[in-house]
Amino acid sequence: MRQWLKNWFTPAPDSLVAISLQKGKSPWVDAIHLLWSVWVFVIPAFDHYTWSWAFFTLLTYPLFLLLYAKCCLASRRQARYFALTLVAMSMLLLPWYSAALTYFVYGTIMLRSCRMALRNYMGMLVMLNVILIAEVSLLHYAWQAVIWIPVTSIIVGLVVHAERLSEEKEAELRLSHDEVRRLAALAERERIGRDLHDLLGHTLSLITLKLELSRKLFDRDSEAAKREMAEAERVARHALSEVRTAVSGIRATDLAAELAAARLMLEASMVSLECTPLPPSLPIEVERGLALVLREAVTNIARHARANRARVSTAVAGQALKLSIEDDGRGGVGIHGNGLKGMHERVRALGGTLEVISPVGKGTRLHITVPLRSRPPQRELAQDEETPNPAAAG
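Residues numbered from 1 in each chain as written. Predicted model: local features only at pLDDT ≥ 70, side-chain atom pairs only at ≥ 80, totals over all residues. Heavy atoms only, no water.

A. Quick peek at the packing of helix 12 (residues 284-305) against helix 13 (residues 340-349). At a closest axis distance of 9 Å, the pairing of helix 12 and helix 13 adopts a crossing angle of 165°. Taken together, the axis directions place helix 12 and helix 13 in an arrangement best described as roughly antiparallel. Here helix 12 and helix 13 pass one another in a crossing that is left-handed. For the pair helix 12 and helix 13, contact is made by Gly289, Leu292, Val293, Glu296, Ala297 and Asn300 and by Met343, Arg346 and Val347, respectively. Along the lines of polarity and charge, the residues of the contact of helix 12 with helix 13 split into five nonpolar, two polar and two charged. (Axes fitted to C-alpha atoms, helices over the stretch in contact; angles between N-to-C directions. Helix = DSSP H or I, 4+ residues; strand = E, 2+ residues; numbered from the N terminus. Parallel < 35°, antiparallel > 145°, perpendicular 65-115°, else oblique. Left-handed = near helix turned anticlockwise from the far one by under 90°. Contact = heavy atoms within 4.5 Å. Nonpolar A, V, L, I, M, F, W, Y, C, P; charged D, E, K, R; others polar.)

Structure (structure tokens):
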């Protein structure tokens, strides 16, 4: 029994609940619509509450909740059957239970969660409303009490259709963004592979030949063998230098990649982004630090700024890089608001400064200035400290 209940209430991969979970929402988000079922308890107030109403409510309301839950948990192909069961239940109850009109509205609206074109959905909606009006006319319902049912079901159905269409477009846009990132990562991997092959393939072959030749010459001509080994060492050092340069170039793409991701994020939030060309080469630590600052700033624009336009510009002045991030949003950001404290710490770690200008209603501007002179590696510093000073020794 427990396994049967678990299978019964497990959301299908394409159900409304599963889609909400994929978006990071609560699985109970669709339960908010159950508040409209208060009309089951309000409709009798226009006439009077009876024991018959209480009996049918106790009998049918739990069944209504179960069918609504299955409309949210079932696959989009199967959800229509539970929605149509709601409609059929309401029509069967109408001769004795007028509050069943609310069940009819829920059934017709939940039909839109199925895989159905708008034309087919509207055709089915009109047909069901015609059947409902014919039934309530035969049952001598007051038209004032019934006319709101077709109007409500059609209007809410169109609203739900617009919401579903917007969600589908958003999902398509998110998939396209993921595909762009995947293709960009694939192209970068291929580029790295080609660069490493071009750098190391010929060089390692040359080192191998030099070492083989030195081994053969070792017994016959030791001087020639030493020359070949020295040449192999020189080639290896040169290859190491080229690899370090290539790795630096790979790492230096961080800021450019972050700008591309920023454009995707802001365009998804309906914010246009304008960028100026980046400097051709930057120190690795500066590149990485500014990429993280840019990511935080763009996230703030997308989530909090309510902006229409944003701009990222860079300029090199002397031995300093100036990075400006601007938006035309609501402004009013405090010095420690929305991740600015973390930005200050990152910029300070680079030896730079961050200026925040954010008047209320006039957007936010971040002006970042960092020195381009990279710090010498710790190993080199240690060697400098250990190397004796000839002048001091003398």
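B. Representation of the sheet that holds strand 2 (residues 309-317). Read across the sheet, five strands follow the order 1-2-3-5-4 without closing on themselves; strand pairing throughout is mixed. Both outer strands of the open sheet, strand 1 (272-275) and strand 4 (353-357), are each paired with one neighbouring strand and no more. Neighbour-to-neighbour, the strand axes of this sheet turn through a mean angle of 10°, independent of strand direction. Here strand 2 runs beside strand 3 (residues 320-327); their pairing, made up of eight bridges, is antiparallel. For valine 312, the partnering residue across the bridge sits in strand 3 and is isoleucine 325. Across the sheet, helix 13 lies against strand 4 and strand 5 (364-371), angled at about 150° from strand 4, the strand it touches most. (Pairing = 2+ DSSP bridges.)

C. View of the packing of aromatic side chains. Going through the model one piece at a time under the given rule, you end up with ten aromatic pairs. For the pair phenylalanine 55 and phenylalanine 56, a centre-to-centre distance of 5.4 Å together with 70° between the ring planes defines the contact as edge-to-face. Judged by its relative accessible area of 51%, phenylalanine 55 is exposed. Take phenylalanine 56: its relative accessible area is 15%, and that puts it in the buried class. Site record: aromatic cluster; members linked through ring pairs are Phe41, Trp53, Phe55, Phe56, Tyr61, Phe64, Tyr68, Tyr97, Tyr103 and Tyr106. (Phe/Tyr/Trp six-rings, centres within 6.5 Å; stacked < 30°, edge-to-face > 60°. Buried < 20%, exposed > 50% of the residue type's maximum accessible area, 1.4 Å probe, protein only.)

D. Structural detail: the pattern of salt bridges. Counted by the stated rule, this structure contains five salt bridges. A salt bridge links arginine 295 to glutamate 258, with the shortest nitrogen-to-oxygen separation between them at 2.9 Å. Residue arginine 295 is located in helix 12, and its partner glutamate 258 is located in helix 11 (residues 254-268); the two are separated by 37 residues in the primary sequence. In this structure, arginine 309 engages aspartate 328 in a salt bridge whose closest nitrogen and oxygen atoms are separated by 3.7 Å. Highlighted residues: arginine 309 in strand 2 and aspartate 328 in the loop between strand 3 and helix 13, separated in sequence by 19 residues. Owing to a relative accessible area of 30%, aspartate 328 belongs among the partly exposed residues under this scheme. (Salt bridge = Lys/Arg side-chain N within 4 Å of Asp/Glu carboxyl O.)

E. Up close: helix 4 (residues 51-73). Spanning 23 residues, helix 4 covers 33 Å between terminal C-alpha atoms, matching the ideal 33 Å at 1.5 Å per step. Helix geometry: helix 4 is bent most strongly at threonine 60, by close to 30°, with proline proline 62 lying one to four residues after it. Among all positions of helix 4, only Trp53, Phe56, Thr57, Thr60, Tyr61, Phe64, Leu67, Tyr68, Lys70, Cys71, Cys72 and Leu73 are buried. (Expected span 1.5 Å × (residues − 1). Bend = angle between axes of the 7 residues up to and from the residue.)

F. How the structure looks around the pairing of strand 1. Inspection of the sheet shows strand 1 paired to strand 2 by four bridges, in the parallel sense. Within the sheet, the bridge partner assigned to glutamate 274 lies in strand 2 and is arginine 311. Once the chain exits strand 1 it traverses helix 12 before rejoining the sheet at strand 2, and the crossover so formed is left-handed. (Right-handed = clockwise from strand over helix to strand, strands pointing away.)

G. Quick look at the pairing of strand 5. Going residue by residue along strand 5, you find Thr364, Leu366, Ile368 and Val370 tucked away on one face and Arg365, His367, Thr369 and Pro371 left uncovered on the opposite face. Of the pairings in the sheet, the one linking strand 3 to strand 5 comprises eight bridges and is antiparallel in character. Paired with lysine 322 across the two strands is threonine 369, which belongs to strand 5. Sheet topology note: the strand 4/strand 5 ladder contains five bridges and is antiparallel. Looking at the pairing, threonine 353 lines up with threonine 369 of strand 5.

H. Main features of the confidence of the model for the protein chain. Summary statistics for the protein chain give a mean pLDDT of 78 and a share of 82% for residues scoring 70 or more. Taken as a whole, residues 375-394 scores under 50 in pLDDT and shows four contacts with residues more than four places along the chain or in a different chain. (pLDDT = per-residue confidence, 0-100.)

I. Structural detail: helix 7 (residues 118-138). Counted at 1.5 Å a residue, the expected span for helix 7 with its 21 residues is 30 Å, and the 30 Å between its end C-alpha atoms agrees. Of the residues making up helix 7, those classed as buried are Tyr121, Met122, Leu125, Leu128, Asn129, Leu132, Glu135 and Val136. Looking straight down helix 7, one finds its buried side chains confined to an arc of 150°; they lie on one side. Turned more than 90 degrees away from the buried face of helix 7 sit Arg119, Val130 and Leu138, all of them exposed. (Arc of directions from axis to C-beta.)

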